Amino acid sequence: MLTNSRKSGHSPIHGVIIDLDGTMLDTLPDFHVAINAMRGQFGYAPITQQQIALMIGKGSENLIRAVLALDNDAAGVEQRFEDAMAFYQSHYLAINGDHSALYDGVIEGLEAMKADGLRLACVTNKPIAFATPLLAQKGLAPYFEVVYGGDSLPRKKPDPMPLLQVCADFDLAPSQVVAIGDSSNDAEAARAAGCFVLTVPYGYNHGRAIHETDSDGIVISLVDAAMRIRSHNNNAH
């Protein structure tokens, strides 16, 4: 059973909103290659995957500013930002998905959710031009009715806007929807939208333990999430 102290009663869940980076795909190696290629164009030394893991999750603009800040003051960051973003995007699109891998249980979990009649959306802070081909390349695209990237709407997670948009698209109340993600961004967006939220412990959470994040449960895989949702719906009234 998913227990959310902010909700009265237990309405069944009909929709699931799933994050991409750090939840379905380990994309850190892609970020690593693209960012170091961009840094090389400025003559900066390569950085490690561990450094990059602390910076991802809040969208490309935030990521590139954080990377530039390793070598520049605030004025230098802004001066180089547009070039850096252009370099990064061209490098990322060239290798998008080449070094990333599905986490265990993702396809099985999506299959189980589909079998239970759940409607699925993917909401990511990754630009939509990166997210769409990546979902297709990894065989994930057919599972999702709706996909929103970080630049699809005026605001991105942790703002609730993209989650509320999915609820509207599906004609579901937020209390009938659960969001699944790996970071505080996902949890804050879900809480603000009024959705349930499940978190996975294996992704990127800005260097913080996922146990510090307010959620309705930690699931070890999307299979575990599907089973948790099924159990909730079997007990809903």
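What counts, and at which threshold
- Residues numbered from 1 in each chain as written.
- Predicted model: local features only at pLDDT ≥ 70, side-chain atom pairs only at ≥ 80, totals over all residues.
- Heavy atoms only, no water.
- UniProt positions renumbered as here; feature names shortened; annotations may be inferred.
- 1 Å grid on protein atoms, 1.4 Å probe; cavity = no way out; pocket = protein on both sides within 12 Å on 5 of 7 lines; lining within 4 Å.
- Helix = DSSP H or I, 4+ residues; strand = E, 2+ residues; numbered from the N terminus.
- Contact = heavy atoms within 4.5 Å.
- Points joined across faces, edges and corners; volume = space filled by probe spheres on them.
- Phe/Tyr/Trp six-rings, centres within 6.5 Å; stacked < 30°, edge-to-face > 60°.
- Buried < 20%, exposed > 50% of the residue type's maximum accessible area, 1.4 Å probe, protein only.
- Lys NZ or Arg CZ within 6 Å of the ring centre and 35° of its normal.
- Axes fitted to C-alpha atoms, helices over the stretch in contact; angles between N-to-C directions.
- Parallel < 35°, antiparallel > 145°, perpendicular 65-115°, else oblique.
- Left-handed = near helix turned anticlockwise from the far one by under 90°.
- Nonpolar A, V, L, I, M, F, W, Y, C, P; charged D, E, K, R; others polar.

The name recorded for the protein chain in an unreviewed UniProt entry is Phosphoglycolate phosphatase, from Massilia genomosp. 1. Under the UniProt heading Catalytic activity (unreviewed entry), the note attached to the protein chain is "2-phosphoglycolate + H2O = glycolate + phosphate". What UniProt records for the protein chain under Cofactor (unreviewed entry) is the sentence "Mg(2+)".

### Here's the deal with the UniProt feature "binding site: Mg(2+)" (unreviewed entry) in the protein chain
Look at the UniProt record and you will see "binding site: Mg(2+)" (unreviewed entry) annotated at Asp-19, Asp-21 and Asp-182. In terms of the greatest pairwise C-alpha distance, the residues named above, spread along 164 residues, form a tight cluster of at most 8.3 Å across. None of the other annotated residues line the largest cavity; only Asp-19, Asp-21 and Asp-182 do. Secondary-structure assignment places Asp-19 in the loop between β1 (15-18) and β2 (25-26). Apart from the residues within four sequence positions on either side, Asp-19 is in contact with Met-24, Val-123, Thr-124, Lys-157, Ile-180, Gly-181, Asp-182 and Asp-186. Relative to the helices and strands, Asp-21 resides in the loop between β1 and β2. Once residues lying within four places of it in the same chain are set aside, the contact partners of Asp-21 are Thr-27, Phe-31, Thr-124, Lys-126, Asp-182 and Tyr-204.

### Details of empty space enclosed by the protein
If you walk through the whole model with that rule in mind, you get three cavities of 30 Å³ or more. Looking at the largest cavity, its volume works out to about 240 Å³. Together, 21 residues line the largest cavity, and Asp-21, Ile-56, Gly-57, Lys-58 and Asn-125 are the ones closest to its centre. Going through the elements one at a time, α3 (60-68) and α8 (184-193) are the ones with two or more residues in the lining of the largest cavity.

### Focus on the packing of aromatic side chains
One pair of aromatic rings is described through two measures. These are the centre distance and the angle between the planes. Using the criterion set out here, one finds seven aromatic pairs in the structure. Considering the side-chain rings of Tyr-88 and Phe-130, the 6.3 Å spacing of their centres and the 70 degrees angle between planes classify their relative orientation as edge-to-face. You can see Tyr-88 sitting in helix α4 (residues 74-95) and its partner Phe-130 sitting in helix α6 (residues 128-137), a full 42 residues away along the chain. Each member of the pair, Tyr-88 together with Phe-130, is buried. Ring pairing ties together the aromatic residues Phe-31, Tyr-88, Tyr-92 and Phe-130, which thus form one cluster. The ring of Phe-81 carries Arg-65 above its face, with NZ or CZ at 3.9 Å from the centroid.

### A few points about the packing of helix α1 (residues 28-42) against α3
Relative placement of two packed helices is described by the angle separating their axes and the distance separating the axes. Between α1 and α3, whose axes approach to 12 Å, the crossing angle comes to 50 degrees. The angle between the axes of α1 and α3 places the two elements in the oblique class. The element α1 and its partner α3 pack so that their crossing is right-handed. From α1, Phe-31, Ile-35, Met-38 and Arg-39 reach across to α3, where they touch Leu-63, Ile-64 and Val-67. Split by residue class, the contact of α1 with α3 holds six nonpolar, no polar and one charged.

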